[in-house]
Amino acid sequence: MRIRILWPAGQATATLAATPTAEALWAELPISSSASTWGEEVYSGTPVSVPRENDARQVVEPGTVAFWTDGDSLALPYGPTPIARDGECRLAGPCNVLGALDGDAAVLRTVRPGDPIRVERA
């Protein structure tokens, strides 16, 4: 499964694994929302509500596509967050890992809080 994430200043594609959360997200696409940022992480709300999976993680690599179950949001880290240690990508809490962005995650630096975000099938 591949998705495209679009915002006014750019876009990115991502490849998702066949996880229960990725399947739930896929079923709801396309999704439009507003961007929020937290350090070097972009997140946006979704209509998806799923439980935390057994392999949920709080520390991930830049470019990971994650789902924050506590906020029903897609989480896209590209660098350190306010609670990071030693430059890691530490999410607000354990998140379901869906896949990874294709290419350089630094493209997310152009997302501004409040930007419209659209997630669609690629």
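Being a predicted model, the structure only gives us computed values, none of them experimental.

(A) Local environment of the pairing of strand β6 (residues 64-68). In terms of burial, β6 is largely enclosed, as four of its five residues are buried. Sheet analysis places β6 next to strand β7 (residues 73-77), joined by three bridges and oriented antiparallel. Among the inter-strand pairings, Phe 67 is bridged to a residue of β7, identified as Leu 74. Linkage of β6 to β7, two consecutive antiparallel strands, is achieved through a turn of four residues, within which Asp 72 is found at a positive phi near 50°.

(B) Examining unusual backbone geometry more closely. Of the consecutive residues Leu 29 and Pro 30, the connecting peptide bond is found in the cis state with omega at 5°. Position of Pro 30 relative to the elements: it lies in the loop between α1 (20-28) and β3 (31-37). Its identity as a non-glycine residue notwithstanding, Asp 72 has a phi of 50°, on the positive side. If you check the backbone angles, Asp 86 has positive phi at about 55° while not being a glycine.

(C) Geometry of the packing of aromatic side chains. Using the criterion set out here, one finds one aromatic pair in the structure. Summarising the aromatic geometry, the rings of Tyr 43 and Trp 68 are spaced 6.3 Å apart at their centres and angled 80° between planes, so their arrangement reads as edge-to-face. Residue Tyr 43 is found in strand β4 (residues 41-45), and its partner Trp 68 is found in strand β6; the two are separated by 25 residues along the sequence. Exposure remark for Tyr 43: the relative accessible area of 25% places this residue in the partly exposed category.

(D) Focus on the side chain of Glu 120. Turning to its location among the elements, Glu 120 is positioned in strand β9 (residues 116-121). Polar contacts involving the side chain of Glu 120 include one to the side chain of Arg 118, which spans 2.8 Å. Once residues lying within four places of it in the same chain are set aside, the contact partners of Glu 120 are Arg 2, Ile 3, Arg 4, Leu 6, Leu 29 and Pro 30.

(E) Structural context of the nonpolar core. Ranked by size, the top nonpolar core spans 27 residues in total, and within it Ile 3, Ile 5, Leu 25, Val 65, Leu 98, Leu 101 and Leu 108 carry the most contacts. Mapped by element, the contributors of at least two residues to this core are β1 (2-7), β2 (10-16), α1, β3, β6, β7, β8 (89-102) and β9. In this structure Val 65 touches Ala 14, Leu 16, Leu 74, Ala 75, Leu 76, Asn 96, Val 97, Leu 98, Gly 99, Ala 100 and Leu 101, once residues within four positions along its chain are discounted. Val 60, Ala 66, Ala 75 and Leu 91 belong to the second-largest nonpolar core, a separate cluster that totals six residues.

Cut-offs applied
- Residues numbered from 1 in each chain as written.
- Predicted model: local features only at pLDDT ≥ 70, side-chain atom pairs only at ≥ 80, totals over all residues.
- Heavy atoms only, no water.
- Buried < 20%, exposed > 50% of the residue type's maximum accessible area, 1.4 Å probe, protein only.
- Helix = DSSP H or I, 4+ residues; strand = E, 2+ residues; numbered from the N terminus.
- Pairing = 2+ DSSP bridges.
- Phe/Tyr/Trp six-rings, centres within 6.5 Å; stacked < 30°, edge-to-face > 60°.
- Polar contact = N/O pair within 3.5 Å; in protein donor to acceptor, adjacent residues only side chain to side chain.
- Contact = heavy atoms within 4.5 Å.
- Core = buried A, V, L, I, M, F, W, Y, C linked by side-chain atoms within 4.5 Å.

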